[in-house]
Amino acid sequence: MAGRAQGDRDRPQSGSILHVDMDAFFVSVEQLRRPELRGLPIAVGGSGNRGVVASASYEARAYGVHSAMPAGQARRLCPEIVFLPGDHELYSEVSGRIMEILRSFTPLVEPLSVDEAFLDVSGAHRPPVEIGHLIRERVYEDEGINCAVGVASVKFLAKLCSKLAKPEPTSSGPSGGAGVFEVPVGEERVFLSPRPVSEIWGVGPATLAHLSRIGIATIGELAEFPQHRLEEVIGKAHSRHLHDLANAVDPRPVIPNTAPKSMSHEKTFPNDLHSPEVLGAELAALSDSVASRLRASGVAGRTVTIKVRFGDFTTITRSHTLAGPVDSGVVLAREAKRLLDAVDVAPGVRLIGLGVSELEDPSHRQLSLDDAGDPSWQEVDRAIDRIRDRFGTEAIHPGGHSGAGPRGTGWTRPS
């Protein structure tokens, strides 16, 4: 959507913003490759006492299970729940295909995460609601995944509408749901007025408490509240943002082809780990995962960061910026191991993570005489990608011994 003149800030231009959100995305992908799991309460995420639910099926949600919930709490709510480990390479692959489906309707697609995106369809010949239904049909026909579509004049409302388009969770699966939900142009204030103020972006527990103290419970009450008085309670910038959204003012355009700023992966352990060798092997596996996603996205990164969380929840990060961008699991594992070597892990590590930032075109890669930069390793990366493309993401993994490859990367040298 084109930017609006200041005088037009409070007048919606068209109902051409769509928000597309996959239903229980991680779980849906897992059920596609394991159909016997359909109809069961399922959670994707860590299954140990320290694990966290990343995605829950509608059958599990009926028991109160939701994302970001500790695994132990999920089991107490639903003793028969089935936990599955995440397969982020596969999710990224499916997400890429879904985003291409969305781009077949409009080039103005702004991904927010692997399972949701904004679209601007103002230049399309079909009505936005019709496009929403067509998107749902295409995504299901091509990928076997259901999605919800919100249609509105601005981003904030479109995202709220997609939530309202989703089905309700029941013990026997999803029930109802319009699939596509629209707020027609001109009816934004009427629609928003009775809704709880907690549904506005940026209203967390602290802000909600402040608003409650001054008698604001609904979006309509916030819209009518004098902004200068609101500033005294929550500050100037925040009050302007919330007041605008309450009045359906959200001038942000859909920004297409937003490149990721970083990619990362982390793992929480059921028990604290104290061995540098074992942690090095875990970093090798994380490096392989992140590198695979980098190559699938056509990017490489310069800055490698490890995240270490100890048993007492103290968390540290260590980073190193390379001379050129890399997308090799071997190189990432080597750099991650160097960073880990400078950390005292004796107190016990609860979680370890690896991230890559400063992403750019991998063609700018700098050649190296180091063994991990040997062209044979780039051939290994390409071979790994081909194997996974043909046989699935679980077909090949890095070696399990952190000292086997160059500088303890967890890999063995190719012949």
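Everything below is about the structure shown above.
A few points on the structure. (Residues numbered from 1 in each chain as written. Predicted model: local features only at pLDDT ≥ 70, side-chain atom pairs only at ≥ 80, totals over all residues. Heavy atoms only, no water.)

## A closer look at the overall build of the protein chain
Secondary structure assignment for the protein chain yields 14 helices and 14 strands. Looking at the 415 residues of the protein chain, the share that counts as buried comes to 47%. For the protein chain, the share of sequence-separated contacts (at least 6 apart) that also reach a separation of at least 24 residues comes to 68%. If you sum the accessible surface of the protein chain, you get close to 19400 Å²; carbon and sulfur atoms cover 52% of it. (Helix = DSSP H or I, 4+ residues; strand = E, 2+ residues; numbered from the N terminus. Buried < 20%, exposed > 50% of the residue type's maximum accessible area, 1.4 Å probe, protein only. Contact = heavy atoms within 4.5 Å. Areas by Shrake-Rupley, 256 points an atom, 1.4 Å probe, with all protein chains shown as cover.)

## A closer look at the pattern of salt bridges
By the definition in use, this model includes 22 salt bridges. The residue D21 makes a salt bridge to K166 at a minimum N-O spacing of 3.8 Å. Of this pair, D21 sits in strand β1 (residues 17-22) while K166 sits in the loop between α6 (155-165) and β8 (168-170); the two residues are 145 residues apart in sequence, bridging distant segments of the chain. In this pair, the class of D21 matches that of K166, namely buried. (Salt bridge = Lys/Arg side-chain N within 4 Å of Asp/Glu carboxyl O.)

## Quick look at the sheet that holds strand β6 (residues 116-120)
Through backbone hydrogen bonds, the strands of a sheet pair up, either in parallel or in antiparallel fashion. With mixed pairing, the 5 strands of this open sheet are ordered in space as β5-β6-β1-β7-β10. The open sheet has two edge strands, β5 (109-113) and β10 (180-182), and neither has a second partner. Looking at each pair of strands side by side, their axes are set apart by 20 degrees on average, direction ignored. Bridge analysis of β5 against β6 gives 4 bridges, and the strand direction is antiparallel. Its bridge partner lying in β6, S113 is registered against E116. Along the sheet, α6 contacts β1, β5, β6, β7 (147-152) and β10; its crossing angle with β7, the most-contacted strand, is approximately 140 degrees. (Pairing = 2+ DSSP bridges. Axes fitted to C-alpha atoms, helices over the stretch in contact; angles between N-to-C directions.)

## A look at the environment of G177
For G177, the location among the structural elements is in the loop between β9 (173-175) and β10. Given the relative accessible area of 48%, G177 is considered partly exposed. Taking the C-alpha atoms as reference, G177 lies 5.3 Å from A165; in sequence the two are 12 residues apart. Once residues lying within four places of it in the same chain are set aside, the contact partners of G177 are A165, K166 and P167.

## A look at helix α11 (residues 236-246)
All of the buried residues along α11 are S239, L242, H243, D244, L245 and A246. Residues of α11 that are buried in the fold lie against α6, α7 (188-192), α8 (205-213), α9 (219-224) and α10 (227-234).

## Remarks on the pairing of β1
Buried residues dominate β1, accounting for 6 of its 6 residues. A two-sided burial pattern is seen for β1, the buried positions comprising I17, H19 and D21 on one face and L18, V20 and M22 on the other. Relative to β7, β1 runs antiparallel, the two sharing 6 bridges. Across the sheet, L18 pairs through a bridge with V151, a residue of β7. Judged from the 5 bridges that link them, β1 and β6 form a sheet pairing that is antiparallel. Looking at β6, one finds that L18 is bridged to L119.

## Some remarks on the nonpolar core
F25, L119 and I135 are the most contacted members of the largest nonpolar core, which totals 32 residues. Elements that contribute at least two residues to this core include exactly β1, α1 (25-33), β2 (42-45), α4 (88-103), β6, α5 (128-143) and β7. A per-element tally of this core places α4 first, with 7 residues. (Core = buried A, V, L, I, M, F, W, Y, C linked by side-chain atoms within 4.5 Å.)

## Section: the side chain of S287
For S287, the location among the structural elements is in helix α12 (residues 276-297). Judged by relative accessible area, S287 falls into the buried class, the value being 0%. Dropping the residues within four chain positions of it, S287 is found in contact with G329, L332, A333, A336 and L354.

## Quick word on the environment of A342
For A342, the location among the structural elements is in the loop between α13 (329-341) and β14 (349-360). Residues A342 and R318 lie 24 residues apart in sequence; the distance between their C-alpha atoms is 8.9 Å.

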